[in-house]
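# Structural features, examined
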Amino acid sequence: MDEKDTQFLSLKNQFLIAMPTLMDPNFHRSVTFIFEHTKKEGAMGIVINQPLDIKLGDVLPQMDIEAEEPSVIDIPVYLGGPVQLEKGFVIHSPLGHWEATMPVTEDIGVTTSRDIIMEIAKGRRPARCLIALGYAGWGADQLEDEIANNVWLSGPVNPDIILYSPNESRWNSAAEIVGVDTRHVSSDVGHA
């Protein structure tokens, strides 16, 4: 067995915090919640701090779902990543019982089935949720290589950052978990 194979460490239920040098507009100053990561398949995550210029009320008619609870039309929708932009993802707590949920922890899940959106439209949503279109994906070993090249920091998830913190503070708050003050991180490469 190769040394690299024995050292695989799953980043499931971790934050990926983009370093300032990452200029890709999909990920610049982003925080990504990794909800799946295996050695063979790679990683999947949802960017949690890039709201789109649309609300749930803009999406529901496209799904032939009526907002029975007026307040749900103002729920923000996020750009979860550049892959499958037509597919919706809901990060939520508690887990609940939905048709297509991937449990991440005992309390947090990611659901892709229509039934959760229907319940949200009725005002019966999970206690906490974030709705996104698309996801971020990495092939086998790709994410590990990017971390080794200082593209990302990784750190433990704080569900409050995903579900309660204002968008503009999520990047700084996630970095603080791993002891990084983003005010002191340079975006200049190769300068001391």
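Residues numbered from 1 in each chain as written. Predicted model: local features only at pLDDT ≥ 70, side-chain atom pairs only at ≥ 80, totals over all residues. Heavy atoms only, no water.

With that settled, consider the side chain of R128. With respect to the helices, strands and loops of the structure, R128 is situated in strand β9 (residues 128-138). Engagement of the side chain of R128 in a polar contact is seen with the side chain of D160, the distance being 3.3 Å. Not counting the four nearest positions on each side in its chain, R128 is found in contact with I91, H92, S93, D107, P159, D160, L163 and Y164. (Helix = DSSP H or I, 4+ residues; strand = E, 2+ residues; numbered from the N terminus. Polar contact = N/O pair within 3.5 Å; in protein donor to acceptor, adjacent residues only side chain to side chain. Contact = heavy atoms within 4.5 Å.)

Another point: the environment of L60. Turning to its location among the elements, L60 is positioned in the loop between α2 (56-59) and β5 (76-79). Taking C-alpha positions, L60 is 39 Å from D181, a pair spaced 121 residues apart along the chain. If near-sequence neighbours (up to four positions away) are discounted, L60 is found in contact with I65, A67, V72, I117 and A121.

Time to look at helix α3 (residues 114-121). Most of α3 sits out of view: six of its eight residues are buried. Within α3 the residues assigned to the buried category are D115, I116, I117, E119, I120 and A121. Two residues or fewer past α3, G123 is found with a positive phi of approximately 85°. (Buried < 20%, exposed > 50% of the residue type's maximum accessible area, 1.4 Å probe, protein only.)

Burial analysis of β9 places ten of its eleven residues in the buried class, the great majority of the element. By the bridge criterion, three bridges tie strand β3 (residues 42-47) to β9 in an arrangement that is antiparallel. From the neighbouring strand, A43 faces β9, where its bridge partner is W138. Sheet topology places β5 next to β9; three bridges connect them, and they run parallel. The partner of Y78 across the bridge, within β9, is A132. (Pairing = 2+ DSSP bridges.)

Let us now look at the pattern of salt bridges. Scanning the entire structure with this criterion turns up five salt bridges. Here R128 makes a salt bridge to D160, at a shortest N to O gap of 3.3 Å. With R128 in strand β9 and D160 in helix α5 (residues 159-163), this pair connects stretches of sequence that are 32 residues apart. A network of salt bridges, in which partner residues are shared, links D107, R128 and D160. (Salt bridge = Lys/Arg side-chain N within 4 Å of Asp/Glu carboxyl O.)

Residues at a pLDDT of 70 or more form 92% of the protein chain, whose mean pLDDT is 89. Here helix α1 (residues 3-6) stands out as the least confident element of the protein chain, with mean pLDDT 52; β3 is the most confident, with 97. (pLDDT = per-residue confidence, 0-100.)

This next bit is on unusual backbone geometry. For the bond running from S93 to P94, omega is 0°, close enough to zero to count as cis. You can see P94 is positioned in the loop between β6 (83-93) and β7 (101-103). Of note, the phi angle at R29 is positive, near 55°, even though the residue is not glycine. Along the chain, the position of R29 falls in the loop between β1 (14-18) and β2 (31-38). Of note, N150 is a non-glycine position whose phi angle comes to about 60°, a positive value.

A few words now on the packing of aromatic side chains. By the definition in use, this model includes five aromatic pairs. Seen in terms of ring centroids, F27 and W138 are 6.2 Å apart; in terms of plane orientation they differ by 35°. Their pairing is tilted. In this pair, F27 sits in the loop between β1 and β2 while W138 sits in strand β9, placing the two residues 111 residues apart along the sequence. As far as burial versus exposure is concerned, F27 and W138 are alike and both buried. For the ring pair W138 and W152, a centre distance of 5.9 Å and an interplane angle of 85° mean the geometry is edge-to-face. Pair noted here: W138 is in strand β9 and W152 is in strand β10 (residues 152-156), with a separation of 14 residues, a long-range link. Like W138, the residue W152 is buried in the burial classification. Three or more aromatic residues link up through ring pairs in this structure, and these residues are F27, W138 and W152. (Phe/Tyr/Trp six-rings, centres within 6.5 Å; stacked < 30°, edge-to-face > 60°.)

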